[in-house]
Amino acid sequence: MTPQLDKKFIKPGGTLRPGDTVDLELTVTNTSELGVKTGWEFTDALSKGLKVAGEATTDCAAGTITAREGSRTVKVTDGSIAQGVESCTITVPVTASKGGTFKNSAANISARGLNAPGETAVKYVEPATAPVAAADTGERPQSSTPAVAAIAAGGVLLGGLGLRRLRRKA
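Analysis parameters
- Residues numbered from 1 in each chain as written.
- Predicted model: local features only at pLDDT ≥ 70, side-chain atom pairs only at ≥ 80, totals over all residues.
- Heavy atoms only, no water.
- Helix = DSSP H or I, 4+ residues; strand = E, 2+ residues; numbered from the N terminus.
- Buried < 20%, exposed > 50% of the residue type's maximum accessible area, 1.4 Å probe, protein only.
- Polar contact = N/O pair within 3.5 Å; in protein donor to acceptor, adjacent residues only side chain to side chain.
- Pairing = 2+ DSSP bridges.
- Axes fitted to C-alpha atoms, helices over the stretch in contact; angles between N-to-C directions.

A few words on the side chain of Asn 30. Looking at the secondary structure, you find Asn 30 in the loop between β2 (21-29) and β3 (37-45). Owing to a relative accessible area of 8%, Asn 30 belongs among the buried residues under this scheme. One polar contact links Asn 30 to Lys 37, side chain to side chain, over a distance of 3.0 Å. At 3.0 Å, the side chain of Asn 30 and the backbone oxygen of Val 85 are in polar contact.

All right, on to the sheet that holds strand β6 (residues 62-66) then. Two orientations exist for strands paired in a sheet by backbone hydrogen bonds: parallel and antiparallel. Pairing is antiparallel in the open sheet, where four strands are placed in the order β6-β7-β3-β10. Two strands close off the open sheet at either side, each with one partner strand: β6 and β10 (109-112). With strand direction ignored, the average angle separating the axes of adjacent strands in the sheet is 10 degrees. Relative to β10, β3 runs antiparallel, the two sharing four bridges. Each bridged residue has a counterpart across the sheet, and for Glu 41 the counterpart in β10 is Arg 112.

Right under this line is the structure:
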């Protein structure tokens, strides 16, 4: 019988911004008799835009994990689940350098001795850009339209009646 490989992104609360780190959790689930399963392996080619952001960890009985920081590949060789263990997990911190929805599915996996996983996705959102304010130089814009020129020069436009400067009679 063949163990099942599953994966999911473990997201913290809130919106993810480029540069934030999330964990990609790869779980190998043993078969129902919970026998020892050795020699399984897989390579996960992360979606374009995602990369490894730190050291991978595992609670599997054995296995060699190759997931270099900055790379787009997670590789596990000589994996093993011990007798009586239901599942074990490989956790890889990943990040994105730009916004987007990044999917990871069976299409990203090359495996031996494991059933293929379903799909998982993570969304990163670019921060909103604030409008750039122009510096006030003290100069007023010139306009060929009298109303615009008068307003820019401190005039007052009253309703649809046109441009008027209110003055107090002495």
